[in-house]
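One-letter residues, chain by chain:
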Amino acid sequence: MKRVVLILPTYNEKDNIETLIISIQKVFQKLGQYQLQILVVDDFSPDGTAKVVERLTAKFQNIALISKKKEGLGAAIIYGVNYAFKYFSPELFIQIDADWQHNPELLPAFFNCLEKGADFVIGSRYIKGGSIPINWGINRKIYSIAGNAIVRIGLGMMTPFDWTSGYRLYKSDVFRKVGYGLEKYSGYTFQVAFLRNAKTAGYKIAEVPLQFVDRIHGRSKIAPLDYIKNLLIYILNNSIFLKYLIIGIIGFTLQTLLTKLLITFKVFPGIAVAVSSFFAISANFIGNNLWTFSHNKISGASKLLKKFTHFIATSIGAVVIQFIVVSVGVYFWGDNAWFLLMTFAIIFLVIPYNYFIYNRLIWKKTLD
Ligand SMILES: Nc1nc2c(ncn2[C@@H]2O[C@H](COP(=O)(O)OP(=O)(O)O)[C@@H](O)[C@H]2O)c(=O)[nH]1
Ligand SMILES: [Mg+2]
């Protein structure tokens, strides 16, 4: 029989925890083939959740209660996992919210995915058959939907579809390998960072449709603004795409201002754009080296000089593209068209060209 530790993080869940635990026990009785240990990780809930759980530990042998100080959801799960490794040596972990928003009846479907080869299974609100509560306010809906979209685009990982869901089943090896060092992330950021690490390490992820229902008892503890802020900081720090985009916007602004200045001094628009694009590209090189590709930063004077020369040589392409497009364009549409022509050249020609060069040549891992 496989040993499963099911972690229930609780903070003020006294009206939910008992019925939920009884329901979970029933699901496992039906499943039969797993040895279940329930671990409630409670942060000294002021409503007396621990008292309810203590009563249950007297009734059932497979329930343990951890009481600790309030440190947030991510910390509670990590604490529970460490405790489980120490006392129960589980092969599998389940994370489930203790507020009935995660239906325990879905667990057989989770195990099914595991049997089909998954290492990590998520209860997903954003795949066919899954949903979020219809009665949620528009704000809450936007936080949830936009949060997931930002994660997927920002990290450049289009699957899975639900990154913030806390309903999860995974092999204990997954946590052993990629779960540590995540204590610093709170709430949803912990869920996202853990999943990203698992995906990057090559674990197979599967999703089960989850109809996420509204709470009946108690209140949500996640502060939406904190959630958005922390998640955005994490994504920004881990998204090459977003960093590249931000540096690009700064470079573009710089280039536009410089071109405008040169044109007021009667410089021919084609030349003005070419000169300022050279400056902007150089600024981008520095910005991307220090920030976007900082994990792969080029350092050391001679190496940097060599790469910079290499970079200037390849960037000539971008300068020439803009020179040609603007010079030919103003011939037909007049000097005032320089901005639209330059923007067109940058978006459709220079950005794809530069992104390719940056990734393939300049910051390429295998290059010295
Ligand atoms: N131990 C512990 N559990 C928490 C903490 N914050 C939330 N939880 C639990 O984590 C689960 C999900 O939290 P909830 O506030 O419902 O988040 P939401 O569903 O995203 O609104 C619930 O079981 C909460 O009781 C915390 O700081 N410590
Ligand atoms: Mg909840």
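Summary of the structure given here. (Residues numbered from 1 in each chain as written. Chains lettered and ligands numbered in written order. Predicted model: local features only at pLDDT ≥ 70, side-chain atom pairs only at ≥ 80, totals over all residues. Heavy atoms only, no water.)

Before going further, it helps to examine the side chain of R125. When you line up the elements, R125 lands in the loop between β5 (120-124) and α5 (138-155). Within the local environment of R125, its side chain forms a polar contact with the side chain of D162, the two groups lying 2.7 Å apart. (Helix = DSSP H or I, 4+ residues; strand = E, 2+ residues; numbered from the N terminus. Polar contact = N/O pair within 3.5 Å; in protein donor to acceptor, adjacent residues only side chain to side chain.)

Spatially, the 7 strands line up as an open sheet ordered β3-β2-β1-β4-β6-β5-β7, and their pairing is mixed. Taken across any chain shown, the strands that pair with only one partner, and hence form the sheet edges, are β3 (63-67) and β7 (205-209). Here the average twist between neighbouring strands, direction ignored, is 20°. For β5 and β7, the ladder comprises 5 bridges, and the chain directions are parallel. Paired with I122 across the two strands is E207, which belongs to β7. Sitting on the sheet, helix α2 (residues 49-59) is in contact with β1 (2-10), β2 (34-42) and β3, with an inclination near 150° to β3. Contacts from helix α3 (residues 73-87) reach β1, β2, β3, β4 (92-95) and β6 (168-171), with the element oriented near 150° to β1. (Pairing = 2+ DSSP bridges. Axes fitted to C-alpha atoms, helices over the stretch in contact; angles between N-to-C directions. Contact = heavy atoms within 4.5 Å.)

Around ligand 1, the surrounding shell holds 21 residues, and the nearest of these are E13, K70, Y188, S220 and K221. Note that a nitrogen atom of ligand 1 is positioned 2.8 Å from one of the side-chain N or O atoms of D43. Here G72 contributes a backbone N or O atom positioned 3.3 Å from an oxygen atom of ligand 1. Here ligand 1 loses 97% of its free accessible area of 560 Å² to cover by the protein chains. When its residues are assigned to classes, the shell around ligand 1 shows 9 nonpolar, 4 polar and 8 charged. (Near = heavy atom within 4 Å. Areas by Shrake-Rupley, 256 points an atom, 1.4 Å probe, with all protein chains shown as cover. Nonpolar A, V, L, I, M, F, W, Y, C, P; charged D, E, K, R; others polar.)

With 37 residues, the main nonpolar core has L6, L8, F28, I38, I94, L107 and F111 as its most contacted residues. Secondary structure elements with two or more residues in this core: β1, α1 (17-31), β2, α2, β4, α4 (107-115) and β7. Take this core: its biggest share by element is 6 residues, from α1. Not counting chain neighbours up to four residues away, the residues in contact with I94 comprise V4, V5, L6, I7, F28, L107, F111, R168 and L169. By size, the runner-up hydrophobic cluster in this structure holds 36 residues, among which are V5, I7, F190 and L231. (Core = buried A, V, L, I, M, F, W, Y, C linked by side-chain atoms within 4.5 Å. Buried < 20%, exposed > 50% of the residue type's maximum accessible area, 1.4 Å probe, protein only.)

Glancing now at α5. The terminal C-alpha atoms of α5 lie 25 Å apart, and with 18 residues this matches the ideal 26 Å at 1.5 Å per residue to within 8%. For α5, every residue scored as buried is listed here: S144, G147, N148, V151, R152, G154 and L155. Along its buried surface, α5 packs onto α7 (187-200), α8 (224-238) and α9 (240-264). Immediately downstream of α5, the backbone of G156 shows phi near 70°, a positive value. (Expected span 1.5 Å × (residues − 1).)

Right, let's talk about the pattern of salt bridges for a bit. Following the criterion strictly, the structure yields 11 salt bridges and no others. Salt-bridge contacts for R215 lead to E13; the nearest nitrogen and oxygen are separated by 2.8 Å. Separated by 202 residues along the polypeptide, R215 in the loop between β7 and α8 and E13 in the loop between β1 and α1 bring together distant segments of the chain. For the pair formed by R215 and E13, the shared burial category is buried. Residue E18 pairs with R55 through a salt bridge whose shortest N-O separation is 2.8 Å. With E18 in helix α1 and R55 in helix α2, the pair connects residues that are 37 residues apart, well separated along the chain. Residues joined by salt bridges that share partners form a network here, namely D43, K68, K69 and E71. (Salt bridge = Lys/Arg side-chain N within 4 Å of Asp/Glu carboxyl O.)

Our focus in this paragraph is unusual backbone geometry. Of note, the amide linkage connecting T159 to P160 takes the cis form, showing an omega dihedral of 0°. Summarising the element assignment, P160 is placed in the loop between α5 and β6. With a phi angle near 45°, F44 is a residue other than glycine that sits in the positive phi range. Of note, F44 is situated in the loop between β2 and α2. Given a relative accessible area of 53%, F44 falls into the exposed group.

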